[in-house]
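# Structure assessment
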Protein chains: 2
Amino acid sequence: MPEDVYENAPSTAEDLAFLLSDDLISDIVDAVRAQDADTVHASLEDLSNADTAELIAKIGEEDRRELLSMYAGDINPVAFTEMDTELRRAALSTMPPSEVVSIISALESDDALELIIDLDEDQQRSIMQKLSAKMRTAVEEGLSFPEDSAGRLMQREVVAIPQFWTVGKAIDYLRSAADDLPEDFFDVFVIDPAYHLTGQIPLNKLVRADRATKLQELTLDETHPIPATMDQEEVAHIFRRDDTASTPVIDDHGRLIGVITIDDIVDVIDQEAQEDLLRMAGVDQGDLYRAVWSTTGTRFRWLFVNLLTAILASATISLFDATIQEMIALAVLMPIVASMGGNAGTQALTVSVRALATRELSDTNTWRVIGKECMVGSLNGIAFAFITGIITLLWFQSPLLGLIIGLAMIINLFVAAFFGVSIPILITRMGGDPAISSTVFLTTITDVVGFFAFLGLAALLLF
Amino acid sequence: MPEDVYENAPSTAEDLAFLLSDDLISDIVDAVRAQDADTVHASLEDLSNADTAELIAKIGEEDRRELLSMYAGDINPVAFTEMDTELRRAALSTMPPSEVVSIISALESDDALELIIDLDEDQQRSIMQKLSAKMRTAVEEGLSFPEDSAGRLMQREVVAIPQFWTVGKAIDYLRSAADDLPEDFFDVFVIDPAYHLTGQIPLNKLVRADRATKLQELTLDETHPIPATMDQEEVAHIFRRDDTASTPVIDDHGRLIGVITIDDIVDVIDQEAQEDLLRMAGVDQGDLYRAVWSTTGTRFRWLFVNLLTAILASATISLFDATIQEMIALAVLMPIVASMGGNAGTQALTVSVRALATRELSDTNTWRVIGKECMVGSLNGIAFAFITGIITLLWFQSPLLGLIIGLAMIINLFVAAFFGVSIPILITRMGGDPAISSTVFLTTITDVVGFFAFLGLAALLLF
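The rules we used
Residues numbered from 1 in each chain as written. Chains lettered and ligands numbered in written order. Predicted model: local features only at pLDDT ≥ 70, side-chain atom pairs only at ≥ 80, totals over all residues. Heavy atoms only, no water. Domains from an automatic or database assignment. Patch = residues over 30% accessible without salt bridge, like charges linked within 9 Å, V, L, I, M, F, W, Y side chains within 5 Å. Areas by Shrake-Rupley, 256 points an atom, 1.4 Å probe, with all protein chains shown as cover. Salt bridge = Lys/Arg side-chain N within 4 Å of Asp/Glu carboxyl O. Helix = DSSP H or I, 4+ residues; strand = E, 2+ residues; numbered from the N terminus. Buried < 20%, exposed > 50% of the residue type's maximum accessible area, 1.4 Å probe, protein only. Contact = heavy atoms within 4.5 Å. Buried area = accessible area lost by both parts, 1.4 Å probe. Polar contact = N/O pair within 3.5 Å; in protein donor to acceptor, adjacent residues only side chain to side chain. Axes fitted to C-alpha atoms, helices over the stretch in contact; angles between N-to-C directions. Parallel < 35°, antiparallel > 145°, perpendicular 65-115°, else oblique. Left-handed = near helix turned anticlockwise from the far one by under 90°. Nonpolar A, V, L, I, M, F, W, Y, C, P; charged D, E, K, R; others polar. Least-squares fit on C-alpha atoms with pLDDT ≥ 70 in both.

## Examining the domain arrangement of chain A
Domains assigned within chain A are domain 1 (3–149), domain 2 (160–260) and domain 3 (292–462). Measuring from the centre of the C-alpha atoms in domain 2 of chain A to the corresponding centre in domain 3 of chain A gives 52 Å.

## A short note on a nonpolar patch on the surface
Residue and element names in this part refer to chain A. A surface patch of nonpolar side chains, amounting to about 940 Å² of accessible area, comprises Ile 382, Phe 386, Ile 390, Leu 394, Leu 400, Leu 403, Leu 407, Ile 410, Leu 460 and Leu 461. Elements with a minimum of two residues in the nonpolar patch: α20 (366–396), α21 (399–429) and α22 (434–462). Judged by relative accessible area, Leu 400 falls into the partly exposed class, the value being 33%.

## Section: the interface of chain A and chain B
Counting from both sides, the interface comprises 141 residues of chain A and, opposite them, 141 residues of chain B. Buried area between chain A and chain B, summed over both chains or domains, comes out near 12,600 Å², and the portion from carbon and sulfur atoms is 64%. Between chain A and chain B we count ten salt bridges in total. For the salt bridge of Asp 270 of chain B with Arg 240 of chain A, the shortest nitrogen-to-oxygen distance reads 2.4 Å. Inspection of the region where chain A meets chain B yields 51 residue pairs in polar contact (both at pLDDT 80 or more).

## Here we look at the environment of Val 101 of chain A
Residues and elements named next belong to chain A. Mapping Val 101 onto the fold places it in helix α7 (residues 97–105). Taking the C-alpha atoms as reference points, Val 101 and Ala 344, 243 residues apart in sequence, are found 52 Å from one another. Setting aside residues up to four positions removed in sequence, Val 101 forms contacts with Ile 127, Lys 130 and Leu 131.

## Considering the packing of helix α17 (residues 292–318) of chain B against helix α22 (residues 434–462) of chain B
The geometry of a pair of packed helices is captured by two quantities: the angle between their axes and the separation between those axes. Residue and element names in this part refer to chain B. Put simply, α17 and α22 touch, their axes get as near as 9 Å, and they point 15° apart. On the basis of the axis angle, α17 is roughly parallel to α22. In this structure, the crossing between α17 and α22 has a hand that is right-handed. Residue-level contacts link Trp 302, Val 305, Thr 309, Leu 312, Ala 313, Thr 316 and Ile 317 of α17 to Ile 436, Thr 439, Val 440, Thr 443, Thr 444, Asp 447, Val 448, Phe 451, Phe 452 and Leu 455 of α22. Partitioning the contact of α17 with α22 into residue classes produces eleven nonpolar, five polar and one charged.

## Observations regarding the relation of the copies chain A and chain B
After a rotation of 180° and a shift along the axis of 0.0 Å, chain A superposes on chain B with an RMSD of 0.1 Å. Here the copies are linked by what is in effect a two-fold axis.

## Observations concerning the side chain of Thr 392 of chain B
One can find Thr 392 of chain B in helix α20 (residues 366–396). With residues up to four places along the chain from it excluded, the contact list for Thr 392 of chain B reads Leu 333, Gln 397, Leu 401, Gly 402 and Ile 405 of chain B.

## With respect to the side chain of Asp 270 of chain B
One can find Asp 270 of chain B in helix α16 (residues 262–280). Here Arg 240 of chain A takes part through its side chain, which lies 2.4 Å from a polar atom of the side chain of Asp 270 of chain B.

## Concerning the pattern of salt bridges
One pass over the structure, following the stated rule, counts 44 salt bridges over all chains. The shortest N-O distance in the salt bridge between Arg 299 of chain B and Glu 373 of chain A comes to 2.9 Å. Of this pair, Arg 299 of chain B sits in helix α17 while Glu 373 of chain A sits in helix α20, which puts the two residues in different chains. Measuring nitrogen to oxygen at the nearest pair gives 3.5 Å for the salt bridge that ties Arg 89 of chain B to Glu 86 of chain B.

Listed below in structure tokens is the structure:
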């Protein structure tokens, strides 16, 4: 490799020649539209699987349909495993079943399973019938594990070696069995005659050891086998803790049945982090690739719940319509208290949701964290009581109105902090997902308390 | 391993015996408070590094200080690398400098760098002076790379092998040089005499190959060396695309200077995902471990900006105080339009922020995504125009008021969708971080437009 390749080394991914550029995408789209098959064939051949997935994700719906129907044969089946779920569903549903069968048949069993899960039930059934018996069995077994479980995530192909072998014998086996081994692996697993796991050896330890060493002497103490039914979020947590490259999966009887590798976990972590963010805003995963109608529908549900919240807030205001009639400044100022409460509450809520997801928040420190958030909320409540009090005094020349908005601010920011941190904890305790409904509950509380405290104090003190 | 260990296999992480339980934490805290040194020594000895980090994270401030000052010698230095940055800073700052030096000296160079970066400058300088010359040089070199760059993330210890060697010779070298090699590795890197990278071989390919095979024949085509100055977010993007376990890092001259492994990337992905979520709510990373005053300060800044937004909204309302005076129902209903706009806008904004972070949104599909979000916003605008229109009609018996709130709803939900999706794109184009300030701009727009459209239409049509 000549040195000048690296002179003026690029420092951002956009500059790197091996990444798919927007220019190349538009060239390919032009070729698709011009039905210039030669150019499309040649371009697709040059793309990596990740590139192909990115290309299909970024082009418009019509171009996508054209590309998939005319050039399906040029697309490596693995590219489909790199796509967003929603996009993949859309892509596969536009292709003829025979094409889908040949794509799925070309994949390893865990990838095939991933593709089949996305299809709707009718399509699933008709595809399953056309698979080879071996593949069908593997897929059916995979489907028998709960959704998002280790069993669905794991790869069935494992390197398992008897505990009484030496390093030399193990390496010779790896060489001779090359074709039967999984495509990539980081660890070999040591088993007893009943296929019970007794240990795990990272490849780099195996390679460095003397050929005469017994495998038993090399096995790690800290192998933490994962039950096939464990939720993928828990699996990710264990990977984060243990810093291993792969982790064995066992069945109810402690027998080794598969392996999960860290690159699967990267996908899970991406997905879970994304989920929290999207759910807190009431957005579905894959919204980027969903059709307009379907997106409108899922968003509608969330907005509808928020409408009920807003109506509750309005109802609170209407309790005080006589008071507002007396002093129209109240109508002008009232959104400030509610909005500050909403924002302060969301801060506490976000910390809580994230700490629960990473398991940094548990029984041990629950009360300490709640206490701290309430302190922070109260302190900022006092700070903003002064600021808004003074602004109100200057704006409306009424010290009493300044006092009222200040008191309401302290009340609402304390309440916001307390409920912001507590609601996710409570929802988690009750077995729910704190990211989904916490914000709705919180906004309801901060709006109602915000309006009630401000207008109620005004009714009490002003007239 | 007896079979019954796995009978009734646990299916959640909480049930797994190898994870740190809340009960064990409180036992250790009790022992610390009772100055029962034997129990504390024994407990700390049993904990893994991740457990120790979790223990220190979850106990109260006073217990933490006591534990760190009395039992520092029992804590494995690696445990400090497993801690949250903010917690680590707090922990290290309570320990005497000599203790910190001995912790840092016991670590590998990249871990030592990670710890030193967190310290404040004075402490940094005094610690650096006390390090060995070799460690100091390594740390200084690391500090010379930009913050959050590949150079700071990489591990200097690399397995580099000349291109003309055979597989057999390479394996023999790995065995004989065992002590000089990095603790863990997944790939060997192939270099020419000038230390330029010519390829990368996953260990499992090396192990499976015939001893007589030349390394050149095994090297992967798709080695994508990363320049040391590349931002860690870009590095994570490349790992996601390439599905490799480790990636070589090169200097400006294309020479191999380090390696980044996928477990470092898991940390980066966690951190970046967390950042987006927290920044959108105006919360700092590590808030769980920051002192009350410091947390209050960082949150205050965000809330202050939001106060300005709220005042702008109030100013908009005050333009119409005469109109509200005429019909108090306007004051009751006006938060609904603003709140629905804020929620619908946040949905579009979240999709946009996340798609920009994962690079699913680029020039190619920008207009398509904006167009789609505007369609979704308009459709939901129409749907909620009907719903709120009818509710208003029933509540206040005024068809005209129903028409006004409906029209305002359509306007605000369209505007919210357009700006929700566009603001992050615009901020990214201008080189900013879309997660930080997008929400403030958006709320300002949806509040002002929401109040202005509703009250303005009312002023125009009602009187």
